[in-house]
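# Observations on the model geometry
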Amino acid sequence: MSPYIQLFRRYLREQGLPVTPQREAVAQVIFSSSGHLSVEDIESALRGTGARTGKATIYRTVEILVRSGLVEEHDFGEGFKRYEHLFGQTPVHEHLICANCHHVVEFQSPEMVRGLEQMARTHGFVPIRHRLEIYGLCGTCQAQGVLPPDEGLTCPVELLA
Ligand SMILES: [Zn+2]
Ligand SMILES: [Zn+2]
């Protein structure tokens, strides 16, 4: 069992919320994965362990996990959210997201983080955390000749003429 389960239990108790085996099972799935899990992913992982946990419980639990600060919520533009625990092997990392196949690549750049912090300070801002998502086309999709998706209207320069 993940040591983070202890933290989650403590958070539930502090919030006066019931500590249930279902909630712990949902948390355990997220804590033992290094990926970006959707509610569907969590559901099928739970089914694999033989646990019977309804979607409503999963939604409610991930919401609590996000509020506790143990889990981060991502919206990679797929129409649903993905969840990732914040104490993985790569604590501060950014995401490259393929707009075609939704493949997600994680990368770390201490130089860039320093640059972002510096930039925040020039605006008189004390940065606490940040989120960076770069959307584009992954190498596989480019090799298959996929064209960048239509991003809709851009700045209507012709109106300014
Ligand atoms: Zn792709
Ligand atoms: Zn990630």
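Definitions and cut-offs
- Residues numbered from 1 in each chain as written.
- Chains lettered and ligands numbered in written order.
- Predicted model: local features only at pLDDT ≥ 70, side-chain atom pairs only at ≥ 80, totals over all residues.
- Pairing = 2+ DSSP bridges.
- Helix = DSSP H or I, 4+ residues; strand = E, 2+ residues; numbered from the N terminus.
- Axes fitted to C-alpha atoms, helices over the stretch in contact; angles between N-to-C directions.
- Domains from an automatic or database assignment.
- Contact = placed C-beta atoms within 7 Å.
- Nonpolar A, V, L, I, M, F, W, Y, C, P; charged D, E, K, R; others polar.

## Side note on the sheet that holds strand β4 (residues 104–107)
Taking strand neighbours across the sheet as the criterion, the three strands line up as β4-β3-β5 in an open arrangement whose pairing is mixed. The sheet terminates laterally at β4 and β5 (133–136), the two strands that pair on one side only. For this sheet the average axis-to-axis angle between neighbouring strands, irrespective of direction, equals 20°. With four bridges joining them, strand β3 (residues 94–98) and β5 adopt parallel strand pairing.

## A few points about the domain arrangement of the protein chain
Structurally, the protein chain comprises domain 1 (1–87) and domain 2 (90–149). Centre-to-centre separation of domain 1 and domain 2, based on C-alpha positions: 24 Å. Contact residues are listed per partner, giving four residues for domain 1 and four residues for domain 2. Classifying every residue of the side of domain 1 that touches domain 2 by side-chain character gives one nonpolar, two polar and one charged.

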